[in-house]
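Residue strings, one per chain:
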Amino acid sequence: MLFQRSRLNAEERSELLAIFLSVCQWTRIYYGWRPNLLDEGDNHLVELAVAGNAKFIVTRNLRDLSRMELNFPHLTVLTPEAFLQEIAT
């Protein structure tokens, strides 16, 4: 099951998703930056980040995402812990 190891119960997950969706914006992607990552399943993350002019991709998958073939100077890949430290300063 997807949420078997989750620390949140179903009601808490639903509330968190509602909060998250309340600040999300639909972002259209007009072009693809592929091939870029070795894992094709991760390319959409970079494409969304570039199209949305994001400063960060927050993930635990640093191994794959830190090996981008294309360079996006404004985009930084961080762990959740490093991101929290970054925004705290």
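Everything discussed here concerns the structure shown above.
Note that residues are indexed from 1 along each chain, following the sequence as it is written. Local features in a predicted model are, by the rule used here, given only for residues with pLDDT of at least 70; side-chain atom pairs are given and counted only at 80 or more, and totals for whole chains, interfaces and linings are based on all residues. Excluding hydrogens and water, the side-chain values take into account all heavy atoms of the structure.

Caption draft 1: Expanded view of the overall build of the chain. A tally of regular secondary structure across the chain gives 4 helices and 2 strands. Ordered by position in the sequence, the α and β elements of the chain form the string α-α-β-α-β-α. In terms of overall dimensions, the chain has a C-alpha envelope of 40 × 30 × 30 Å along the principal axes. When burial is assessed residue by residue, the chain has 19% of its 89 residues classed as buried. A run of H or I in DSSP counts as a helix once it spans at least four residues, and a run of E counts as a strand once it spans at least two, with each numbered from the N terminus. Buried, partly exposed and exposed residues are distinguished by accessible area as a fraction of the type maximum, computed with a 1.4 Å probe on protein chains only: under 20%, between the cut-offs, and over 50%, respectively.

Caption draft 2: Representation of unusual backbone geometry. Backbone geometry at Asn 53 places phi at a positive 55 degrees, although glycine is not the residue there. Structurally, Asn 53 is set in the loop between α2 (43-51) and β1 (56-58). Take Asn 53: its relative accessible area is 58%, and that puts it in the exposed class.

Caption draft 3: Examining the side chain of Asp 64 more closely. Position of Asp 64 among the secondary structure elements: in helix α3 (residues 62-65). Overall, the relative accessible area of 16% leaves Asp 64 in the buried class. Those residues in contact with Asp 64 that sit more than four places away from it in its chain are Leu 37, Asp 39 and Asp 42. Any pair of residues with heavy atoms lying within 4.5 Å of one another is described as a contacting pair.

Caption draft 4: Looking closely at a nonpolar patch on the surface. Exposure above 30% relative accessible area and no salt bridge define the residues that can form patches, which grow by joining like charges within 9 Å and nonpolar side chains of Val, Leu, Ile, Met, Phe, Trp and Tyr within 5 Å. The Shrake-Rupley method, run with a 1.4 Å probe, gives the accessible areas here. Residue values count only the displayed protein chains as cover. Each reported salt bridge corresponds to a side-chain nitrogen of Lys or Arg within 4 Å of a carboxyl oxygen of Asp or Glu. A surface patch of nonpolar side chains, amounting to about 440 Å² of accessible area, comprises Tyr 30, Tyr 31, Trp 33 and Leu 70. Tracing the sequence through the fold places Tyr 31 in the loop between α1 (10-23) and α2.

Caption draft 5: Looking closely at α1. Multiplying one less than the number of residues by 1.5 Å gives the expected span of a helix. Taking 1.5 Å of rise per residue, 14 residues should cover 20 Å, and α1 covers 21 Å from first to last C-alpha, within 8% of that figure. With a side-chain oxygen lying 3.0 Å from the backbone nitrogen of Glu 11, the N-terminal cap of α1 falls on Asn 9. In the analysis that follows, any N or O atom pair within 3.5 Å is treated as a polar contact, provided that within protein one partner can donate a hydrogen and the other can accept it, and provided that, for residues neighboring in sequence, both atoms belong to side chains.

Caption draft 6: Expanded view of the nonpolar core. Only buried residues count toward a nonpolar core. Its members are Ala, Val, Leu, Ile, Met, Phe, Trp, Tyr and Cys residues joined through side-chain atoms within 4.5 Å. Within the largest apolar cluster, 9 residues are counted, these being Leu 37, Val 46, Ala 49, Val 50, Ile 57, Leu 65, Phe 72, Leu 75 and Val 77. Once you skip the residues sitting within four places of it in the chain, Leu 75 turns out to touch Val 46, Ala 49, Val 50, Ala 54, Lys 55, Phe 56, Ile 57 and Met 68.

Caption draft 7: Region of the structure containing the packing of aromatic side chains. Working definition: rings of Phe, Tyr and Trp (its six-membered ring) pair if their centres are within 6.5 Å, and the pair is stacked with planes under 30 degrees apart, edge-to-face with planes over 60 apart, and tilted otherwise. All chains considered together, the criterion is met by 2 aromatic pairs. Plain terms: the ring middles of Trp 33 and Phe 72 are 5.3 Å apart, the flat faces sit at 80 degrees to each other, and that makes the pair edge-to-face. On the criterion of sequence distance, the pair formed by Trp 33 in the loop between α1 and α2 and Phe 72 in the loop between α3 and β2 (76-78) is long-range, its members being 39 residues apart. Pairing Phe 56 with Phe 83 gives two aromatic rings, centres 5.4 Å apart and planes at 70 degrees, and the pair type is edge-to-face. In this pair, Phe 56 sits in strand β1 while Phe 83 sits in helix α4 (residues 80-88), placing the two residues 27 residues apart along the sequence.

Caption draft 8: Layout of the pattern of salt bridges. Evaluated as defined, the whole model comprises 4 salt bridges. The shortest N-O distance in the salt bridge between Glu 40 and Arg 34 comes to 2.2 Å. The residue Arg 63 makes a salt bridge to Asp 64 at a minimum N-O spacing of 3.6 Å. One salt-bridge network, held together by shared partners, links Arg 34, Glu 40 and Glu 47.

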